[in-house]
Amino acid sequence: MRPTIAITAGDINGVGYEVILKSLIDPHISEICRAVVYGNAKMAHYHAMTMDSEFHGLSFNVIDDPKQAKDGRVNIINCYGDETMAALGQSTPEAGQAALQSLQRACQDLQQGLVDALVTAPINKDNIQCDAFRFSGHTEYLTKYFGQGESLMMMLSDRMRVALVCNHTPIAEVAETVTEERILAKLKVLNESLKNDFSIEKPRIAVLALNPHAGDNGLIGTEEETVIAPAIRKANDENIWAFGPYAADGFFGAGQYVHFDAVLAMYHDQGLAPFKALDMSGVNYTAGLRIVRTSPDHGTAYDIAGQNQADAESMLHAIYAAIDILQRRQENAELKANPLPFVPREDKRERREYTPIPPKREHTPAATEPAAAQEEPATAPEEPVEEEVQVEVEEEIIEDNDK
């Protein structure tokens, strides 16, 4: 059965609607899932008119419940009123409020099991701030909403997976936020996610250093020796294959990331700058939650809003990733359900001592033996047959002459 994917529209003044509509007209999407957009049909039509002519006549299936969604249609649940006004390319309080209302309704339906996964379009982390949203982003809000103790921001692409110890922490506060306990907690979440969400049995995780050159043995900083390395050792004690700490510049510059299943960076730009430099069509995944949430790895892009220039590839990948992770979780749950009990075999065979077999020795003639003794005895030569035959022939000739 195809999953139902909730897609929040995000900031109405950004490129959220544009990348959503461009993704949903892909015929492959309707084959693998049933998508429901949480936003407003009038707002979606407004954005569609700023795009190519093929979107101008796009009709929407306005519904009140995800169960009413139809295959092959752009299903929309109105989360805010038609009077909401857009101001493309600008940050407005109305845009923040609309984004929050979409997110709240989608989370409510996800909590009730009416949808299977959540894909979020970009929001403006400033204009969305209010009494109901005192968070630095989607990740922190969803972690609180779904009651998870620890979550993890992870970027996904075909090239690599990069997770963060600090999500949206100011640089001035990073050093004090990076603690041994926090690194170990993030490593545990990352390790479990790689197993359950990506079906990697023995994940290899690279841990980046905090300071330049990994501290140069304490010359440029001591966090590698006093905080990061001890956390890695504790993770190893818990059968987590973590390695490092690695200096970030050399690690990415030399392409060492190809040897690992994931990379744990200490702070936002340390991990996301090289990730996005290599691939801007990646996916933001919130690991550690009991629900599946993904999003494109770009922001609201106010500078190109309403200009039909937004690339929908990252949004498409976010939808694909949500479906893939759902499927892997289901497969792993089925594989681990009702496992056969392990019964150690009793070896009743009598144990015998191992006796090594001496190597075979080759026979060589003794050096002291005389040469004559090694020669074969001579035999008397036989008399030649030709002579006897010749004598008989001569006798016959003489007899004939006598006659």
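Residues numbered from 1 in each chain as written. Predicted model: local features only at pLDDT ≥ 70, side-chain atom pairs only at ≥ 80, totals over all residues. Heavy atoms only, no water.

A.B. asks: Report on the sheet that holds strand 9 (residues 241-246), specifying residues and quantitative values.
C.D. replies: Strand pairing within a sheet occurs via backbone hydrogen bonds; the two strands may be parallel or antiparallel. On the basis of which strands lie adjacent, the open sheet formed by twelve strands has the order 3-4-2-1-5-12-11-6-7-10-8-9 and mixed pairing. One side of each edge strand has no neighbouring strand; the edge strands of this open sheet are strand 3 (60-63) and strand 9. Averaged over neighbouring strand pairs, the angle between their axes works out to 25 degrees when direction is ignored. Bridge count between strand 11 (residues 283-287) and strand 12 (residues 293-296): three bridges; the pairing is antiparallel. Opposite Val-283, over in strand 12, you have Pro-296 as the bridge partner. Against the sheet, helix 4 (residues 93-111) touches strand 1 (4-8), strand 2 (34-39), strand 4 (74-78) and strand 5 (117-120), its axis set at about 165 degrees to strand 5. (Pairing = 2+ DSSP bridges. Helix = DSSP H or I, 4+ residues; strand = E, 2+ residues; numbered from the N terminus. Axes fitted to C-alpha atoms, helices over the stretch in contact; angles between N-to-C directions. Contact = heavy atoms within 4.5 Å.)

A.B. asks: So what's going on with the packing of aromatic side chains? Which residues, and what values?
C.D. replies: In total, this model carries twelve aromatic pairs according to the counting rule given. Here the aromatic rings of Phe-198 and Tyr-285 are separated by 6.1 Å at their centres, their planes lie at 85 degrees, and the arrangement is edge-to-face. Residue Phe-198 is located in the loop between helix 7 (180-196) and strand 8 (204-208), and its partner Tyr-285 is located in strand 11; the two are separated by 87 residues in the primary sequence. For the pair shown, Phe-198 and Tyr-285 are each scored as buried. Members of the aromatic cluster, each reached through a chain of ring pairs, are Phe-243, Tyr-246, Phe-251, Phe-252, Tyr-257 and Phe-260. Above the ring of Phe-198, the side-chain terminus of Arg-161 is found at 4.8 Å from the ring centroid. (Phe/Tyr/Trp six-rings, centres within 6.5 Å; stacked < 30°, edge-to-face > 60°. Buried < 20%, exposed > 50% of the residue type's maximum accessible area, 1.4 Å probe, protein only. Lys NZ or Arg CZ within 6 Å of the ring centre and 35° of its normal.)

A.B. asks: Kindly report on the side chain of Thr-4, identifying the contributing residues and their values.
C.D. replies: The topology assignment puts Thr-4 in strand 1. For Thr-4, a relative accessible area of 10% corresponds to the buried category. Leave out the neighbours within four places in its chain, and Thr-4 touches Arg-34, Val-36, Leu-114, Val-115, Asp-116 and Ala-117.

A.B. asks: Summarise helix 3 (residues 41-48); cite the residues concerned and give the values.
C.D. replies: Of the positions making up helix 3, those classed as buried are Ala-41, Met-43, Ala-44, His-47 and Ala-48. Along the long axis of helix 3, the arc covered by the buried residues comes to 160 degrees, so they all point the same way. (Arc of directions from axis to C-beta.)

A.B. asks: Kindly report on helix 4, identifying the contributing residues and their values.
C.D. replies: The end-to-end C-alpha separation of helix 4 is 27 Å, in line with the 27 Å expected for 19 residues at 1.5 Å each. By the burial criterion, the buried members of helix 4 are Ala-95, Gly-96, Ala-98, Ala-99, Leu-100, Ser-102, Leu-103, Ala-106, Cys-107, Asp-109 and Leu-110. Lining the buried residues of helix 4 we find strand 1, strand 2, strand 4, strand 5 and helix 5 (138-145). With its phi angle positive at about 80 degrees, Gly-113 sits one or two positions after the end of helix 4. (Expected span 1.5 Å × (residues − 1).)

A.B. asks: Go over the packing of helix 4 against helix 5, please, and point to the residues and values.
C.D. replies: Packing of helix 4 against helix 5 brings their axes to within 12 Å, and their N-to-C directions diverge by 40 degrees. By the angle between their axes, helix 4 is oblique relative to helix 5. Helix-helix and strand crossings are classified by hand; for helix 4 and helix 5 the assignment is right-handed. Of the residues in helix 5, those touching helix 4 at Leu-103, Gln-104, Cys-107, Gln-108 and Gln-111 are His-138, Tyr-141, Leu-142 and Tyr-145. (Parallel < 35°, antiparallel > 145°, perpendicular 65-115°, else oblique. Left-handed = near helix turned anticlockwise from the far one by under 90°.)

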